[in-house]
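Results of the structural survey
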Amino acid sequence: MSPLPVDVLIRRMDPEVPVPGYAHPGDAGADLVTTEPAELAPGERAVLPTGVSIALPEGYAAFVHPRSGLAARCGVAMVNAPGTIDAGYRGEIKVIVVNLDPRESVRFERFDRIAQLVVQQVEKVRFQEVAELPGSARAEGGFGSTGGHAAVDGTTGGNGYASVGSDREGR
Ligand SMILES: O=c1ccn([C@H]2C[C@H](O)[C@@H](COP(=O)(O)OP(=O)(O)OP(=O)(O)O)O2)c(=O)[nH]1
Ligand SMILES: [Mg+2]
């Protein structure tokens, strides 16, 4: 991380919207608010406006991350987490939220903080096509190849694996 803050140009589409800021000196994310109130029924999603657009320096991107408090308290997630804000994007930053609570609606008031923006340097790569990739210890293993994943419905688990479905009730 650079020792000095990087300047990011910001435009407020709504004059009352607060400029995003870090709550604490060591924070990675600056909170974004919604400029429109919204109510989401269980399972419902919405694209919420934040009232700000930015111009990132070349070589940077910003990532819209969910807020853990909203997730833990209300079951609110972001459908596309983390959302990617390209350096060349000049439109309004929007947040695609979904209410994952199975029973309760969630209501956002104007200027409620709904997400957080993390700005990062990103590498530009050139994709070099080859016939064979170099070997590695992991090789093609993935998708749970090292274990520790949830056991599926009807299996017993108990090997340090989490369990889901009917297995949970059976314990
Ligand atoms: O959560 C998000 C994600 C994206 N964007 C904006 C900024 C980003 O630069 C642009 C495009 O995003 P992305 O590339 O993820 O979407 P896409 O579906 O691939 O659209 P496009 O074809 O415009 O690239 O939309 C947001 O405002 N919020
Ligand atoms: Mg895209």
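Residues numbered from 1 in each chain as written. Chains lettered and ligands numbered in written order. Predicted model: local features only at pLDDT ≥ 70, side-chain atom pairs only at ≥ 80, totals over all residues.

**Remarks on the UniProt feature "binding site: substrate" (unreviewed entry) in the chain**
- The positions UniProt marks with the feature "binding site: substrate" (unreviewed entry) are Arg-67, Ser-68, Gly-69, Asn-80, Thr-84, Ile-85 and Asp-86. These residues run over 20 residues, and the two farthest C-alpha atoms among them are 26.2 Å apart, placing them at more than one spot.
- As for its position among the elements, Asn-80 is in the loop between β7 (76–78) and β8 (83–85).
- Under the C-beta neighbour-count criterion, Asn-80 is labelled exposed, with 11 such atoms within 10 Å.
- Among the secondary structure elements, Asp-86 is positioned in the loop between β8 and β9 (94–99). (UniProt positions renumbered as here; feature names shortened; annotations may be inferred. Helix = DSSP H or I, 4+ residues; strand = E, 2+ residues; numbered from the N terminus. Buried ≥ 20, exposed ≤ 12 C-beta atoms within 10 Å, placed from the backbone.)

**Things to note about the nonpolar core**
- Residues Leu-32, Val-64, Ile-93, Val-95, Val-97, Ile-114 and Ala-115 are the most contacted members of the largest nonpolar core, which totals 22 residues.
- Sorting the residues of this core by element identifies β2 (30–33), β5 (52–55), β6 (60–65), β7, β9, β10 (106–108) and β11 (113–121) as the ones contributing at least two each.
- Here this core takes 4 residues from β11, the largest share from any one element.
- When near neighbours in sequence (up to four residues on either side) are disregarded, Ile-114 contacts Leu-32, Val-33, Thr-34, Leu-48, Val-95, Val-97 and Phe-108. (Core = buried A, V, L, I, M, F, W, Y, C linked by C-beta atoms within 7 Å. Contact = placed C-beta atoms within 7 Å.)

**Comments concerning the sheet that holds β7**
- Across the sheet, which stays open at both edges, the 3 strands sit in the order β4-β9-β7 with antiparallel pairing between neighbours. Strand pairing shows two members of the sheet lacking a second neighbour, β4 (45–49) and β7, which therefore form its edges. Mean inter-strand twist for the sheet, computed between neighbouring axes without regard to direction, equals 35°.
- Summarising the sheet, β7 and β9 pair through 3 bridges and their orientation is antiparallel. Looking at β9, one finds that Val-76 is bridged to Asn-99. (Pairing = 2+ DSSP bridges. Axes fitted to C-alpha atoms, helices over the stretch in contact; angles between N-to-C directions.)

**Topic: the site of ligand 1**
- All residues adjacent to ligand 1 are Val-64, Asn-80, Gly-83, Thr-84, Ile-85, Asp-86, Tyr-89, Ile-93, Lys-94, Val-95 and Ile-96.
- For the shell around ligand 1, the secondary-structure elements that each account for two or more residues are β8 and β9.
- Here the residues of the shell around ligand 1 are counted per class, giving 6 nonpolar, 3 polar and 2 charged. (Near = placed C-beta within 6 Å. Nonpolar A, V, L, I, M, F, W, Y, C, P; charged D, E, K, R; others polar.)

**Topic: the UniProt feature "domain: dUTPase-like" (unreviewed entry) in the chain**
- When the UniProt feature table is mapped onto this chain numbering, "domain: dUTPase-like" (unreviewed entry) sits at residues 17–147.
- A helix fraction of 5% and a strand fraction of 35% characterise residues 17–147, whose end C-alpha atoms lie 46 Å from each other.

**Brief notes about unusual backbone geometry**
- Omega for the peptide link from Ala-81 to Pro-82 comes to -15°, which places this bond in the cis form.
- As for its placement among the helices and strands, Pro-82 is situated in the loop between β7 and β8.
- Phi is positive for Phe-111, which is not a glycine, with a value near 75°.
- Within the secondary structure, Phe-111 is located in the loop between β10 and β11.
- For Phe-143, which is not glycine, the phi dihedral falls at a positive 55°.
- By the secondary structure assignment, Phe-143 is in the loop between β11 and α2 (166–169).

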